[in-house]
Structure formats: structure tokens, C-alpha cells
Amino acid sequence: MKLSFWEIQSWFTHVDYVVAGSGIVGLNTALELKSQFPASNILIIEKGSLPEGASTKNAGFACFGSLSEIMDDLSSYQEETLISLIQRRWDGLQLLRKNLGDEAIDFKPYGGYELFLEKDELLYSEALSKLPFVNEILRPFFKSDVFSKELDRFGFGGIQEYVLFNPFEAQIDTGKMMRALLDKAVSAGIRIMNGQSVTGFHDHGDSVSVALGDFSFKAKKLLFATNGFAGQLTKGAVKPARAQVLVTSPIKNLDIKGTFHFDRGYYYFRNIGDRILFGGGRNTDFETESTDAFDLNQNIQNHLEHLLKEVILPNKPFSIEHKWSGIMGMGSDKQPIIEKLSVNVCCGVRLGGMGVAIGSLVGQELARLCLD
């Protein structure tokens, strides 16, 4: 990259903070740094033309975990650890709403539902038996029961008699959320450079050299918010996980409103006005979907369309208008990694598919770690 004198002076001189990644975490990191040091010079480096990964590609669920997901996690985590994780997701959602406002993110508190397929009789029975216990452990900070059972009123096909309702779940408009964050960052004087990647760095103790291909410059601090693309950075503690999504054309007389989950959160759907968004299915092919390539897995797309026809929209004609994939950051632990890699280099990654819920909080915590 051959830069002019003017470009070097205006964009790459006297840089205080470089943030790699302009997704939910990266933008919140930069905004928190700017709030602490209004005069600071902050540069965000983004490899995509839009924020790449999952921030602009997620399903727009303001959620913290379905009952079957929580049950699954109880087999891996101590009760106190899991409660703390759920509370962080809830606190992160409240921070997102506070920072941007409900109107800007098109927040719709329709509630969330979990349904169980007829073949999942064992999971269904276990969920009903564990429901009182999970409500009990979550009551201290929700102040009421989170989950209750209701008869299916949506006309789904091939499911168990009851669905589980969660009044604390909501949906947002992912595009509006990210536009609001980007607008807020630009208004604060934060510069965003798209189409570039941090290809290397060296911490000198009093500064960091940041490489963009064959060009390098110095900054005081470097912060990585690259989530699913942070595998090498974290020595394999973060694994990419591709998520497949589709959206239908408008459906006449659609009577489905809210956010919905089944099979331990591996499938999820919602209405977008009079359309249905449906995503998931990576559990049918974990190996192929452990990738950072933005391709479509046709087998999974076919599987989603089958479930859409048989379970979600039985006896209702529909057509598919949009298909895409996003890249999440997973690992052996669902706790995000927020840590110093060296004196002046930090990272906030591995959001575990809960970026909407915890992204604002992770960004805030990453910025504060960098300032310690």
C-alpha cells in the first residue's frame, strides 16, 4: 500500500487507539474509549465493506438462552457460573438499549417461545420437569418466573402440545442497530477504515507497531474485536462457526409474532413484519460449519426449507427471498475472552453466538481493560 504524505499525516499519525473490527464489540469499544478520553485519536480497521462476521448478519434476537439451552449448559457449568453468564447477557441487552434507545434498534418486546418437535419427547419431558428449578435460580434478578408453558396457538406442525413462553425476550432490527452504532461512532469523531486488515503487530512497551499489509504505523494501544476470526490470535481458543439463515417473501395473513427456538437453540426463527426469518442447523454438520468462509451449505439450506414447510408454515405457501451466512466465534467455554495479549494489546472475542446480548458489555469491558 503506497500512501501519500497527506494520507499518512491525516490518518496514521498520532493515533492513540486502533480497534480491529467494526462490529458490535469494536464500535462499543471505540465509543467507550472516546467517552473516557474525548480528545483521543481512534482508528477502527475493518476488513469488510460492512462489519464482517455476525454483527450485520445475525437474526436480531434479544435473548439470553432458551430453557433447553440452559439445561444443556447446566451439565457443563456450575450453577453460579451459569447464572452469572445469563446475568451478563441480560445486563448487556439493557446496556444496548440504554446506549442506542429502543426506537433506533426497533426493539419489539413480543416475548420468546421454545417449541419441541414430536421426536424430541425426552428433551420435552426433561424441560417440563426442570422448568420450576430454572425459574427458581433465575428469579433473584428477573423478579418473576422466566419460563411458563402455553398451548401452541400458532398452528405449528409436528410439535409437542405445549410451547414454553419467555416474556423477557424480544427482537431487534440488526441493520438499524448497526447503522445507529456506526453513526454514533462517526459523530463522535471516530474514524473507520474499511477494506483493510491488521496483518501483524509488535508491542514496543511504550507503543505498538500495527501492520496493514506492507505498510505499518504506530499507536499507543491495539484492541482486537474480531470474534470468529480470532483463532490464531487466541491460539485456537476461538473457533469459527458458520450460521445459515434464510428469509421468506411476505406471507399473507401471517400470525406468527415473536422469537422462537427449538432443539437447544440450534434452530431459531422469528417474524420480520409479515416474513419469516429462519436459521440454524449447524449441528447437522459441525465439521463443515466450523469455517470462516461465507458460503452456503446447500444441505443445511434444504434442511431449513424442509422444517419451514413441515413445522413452521404447514399448509401455508411461501417462497424464499434471501439466503446468507454469518460467522460466529465459539469455543470450549461460553465465557467471552477479554484479556491482555501484551502490555498494549488486548482482545475481546468469543461471543458464543450471543453478540447482540453481550457485545455492548464486552466492548465496554475491553476498553476499560486497555486503560488499566
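Residues numbered from 1 in each chain as written. Predicted model: local features only at pLDDT ≥ 70, side-chain atom pairs only at ≥ 80, totals over all residues. Heavy atoms only, no water.

S.K.: Teacher, can you tell me more about the UniProt feature "domain: FAD dependent oxidoreductase" (unreviewed entry) in the protein chain here?
M.R.: In this numbering, the UniProt entry assigns the feature "domain: FAD dependent oxidoreductase" (unreviewed entry) to residues 16-369. For residues 16-369, the end-to-end C-alpha separation is 15 Å, with 33% helix and 27% strand making up the annotated structure. (UniProt positions renumbered as here; feature names shortened; annotations may be inferred. Helix = DSSP H or I, 4+ residues; strand = E, 2+ residues; numbered from the N terminus.)

S.K.: When you look at helix H4 (residues 79-100) in this model, what are you seeing that I'm missing?
M.R.: One turn of the α-helix equals 3.6 residues, which is why residues spaced by three or four share an orientation. Taking 1.5 Å per residue as the helical rise, H4 with its 22 residues ought to reach 32 Å, and the 32 Å between its terminal C-alpha atoms agrees with that figure. Those residues of H4 that fall on the buried side of the exposure criterion are Leu82, Ile83, Leu85, Ile86, Arg88, Arg89, Trp90, Gly92, Leu93, Leu95, Leu96 and Leu100. Just beyond H4, the residue with positive phi is Gly101, at close to 90°. (Expected span 1.5 Å × (residues − 1). Buried < 20%, exposed > 50% of the residue type's maximum accessible area, 1.4 Å probe, protein only.)

S.K.: Explain the packing of helix H2 (residues 24-36) against helix H10 (residues 355-371) to me, please; I cannot follow it from the model alone.
M.R.: Packed helices, taken two at a time, are described by their axes: the angle between them and the distance between them. Closest axis-to-axis distance for the H2/H10 pair is 7 Å, and the angle between their directions is 40°. With respect to their mutual orientation, H2 and H10 come out oblique. In this structure, the crossing between H2 and H10 has a hand that is right-handed. When H2 is examined against H10, the residues Ile24, Val25, Asn28, Thr29, Glu32, Leu33 and Gln36 are found in contact with a partner set consisting of Gly355, Val356, Gly359, Ser360, Val362, Gly363, Gln364, Leu366, Ala367, Arg368, Cys370 and Leu371. Residue composition of the contact of H2 with H10, by class: 9 nonpolar, 8 polar and 2 charged. (Axes fitted to C-alpha atoms, helices over the stretch in contact; angles between N-to-C directions. Parallel < 35°, antiparallel > 145°, perpendicular 65-115°, else oblique. Left-handed = near helix turned anticlockwise from the far one by under 90°. Contact = heavy atoms within 4.5 Å. Nonpolar A, V, L, I, M, F, W, Y, C, P; charged D, E, K, R; others polar.)

S.K.: Hey, could you run me through unusual backbone geometry in this one?
M.R.: At Asn253, a residue that is not glycine, the phi angle is positive and equals roughly 60°. Tracing the backbone shows Asn253 in the loop between strand S12 (239-248) and strand S13 (259-262).

S.K.: I tried to follow the packing of aromatic side chains on my own but got confused; where do I start?
M.R.: The description of an aromatic ring pair uses the distance of the two centres, along with the angle that the planes make with each other. Enumeration over the complete set of coordinates arrives at 28 aromatic pairs. Geometrically, the ring pair formed by Phe141 and Phe142 is tilted, given 4.8 Å between the ring centres and 40° between the ring planes. Assessed through its relative accessible area of 6%, Phe142 is described here as buried. Ring centres of Phe156 and Phe260 lie 5.6 Å apart, and the angle between their planes is 85°; on these two criteria the pair is classed as edge-to-face. Of the two residues, Phe156 sits in the loop between strand S5 (148-151) and strand S6 (162-166) while Phe260 sits in strand S13, which places them 104 residues apart along the sequence. Each member of the pair, Phe156 together with Phe260, is buried. Three or more aromatic residues link up through ring pairs in this structure, and these residues are Tyr113, Phe154, Phe156, Phe165, Phe260, Phe262, Tyr267, Phe269 and Phe278. The ring of Phe229 carries the charged tip of Lys47 above its face, separated from the ring centre by 3.8 Å. (Phe/Tyr/Trp six-rings, centres within 6.5 Å; stacked < 30°, edge-to-face > 60°. Lys NZ or Arg CZ within 6 Å of the ring centre and 35° of its normal.)

S.K.: What am I meant to see in the pairing of strand S14 (residues 267-272) here?
M.R.: Regular strands have side chains that alternate between both faces of the sheet. Most of S14 is tucked away, with 5 of its 6 residues classed as buried. As paired strands, S13 and S14 are joined by 4 bridges and run antiparallel to one another. What sits directly across from Phe260, in S14, is Phe269. Count of turn residues in the S13/S14 antiparallel hairpin: 4 residues, of which Asp263 carries a positive phi of about 55°. As judged from the 6 bridges shared by S14 and strand S15 (residues 275-280), these two strands associate in the antiparallel manner. Each bridged residue has a counterpart across the sheet, and for Phe269 the counterpart in S15 is Phe278. With antiparallel pairing between neighbouring strands as the criterion, S14 and S15 make up a hairpin whose turn holds 2 residues, including Gly273 at a positive phi of roughly 65°. (Pairing = 2+ DSSP bridges.)

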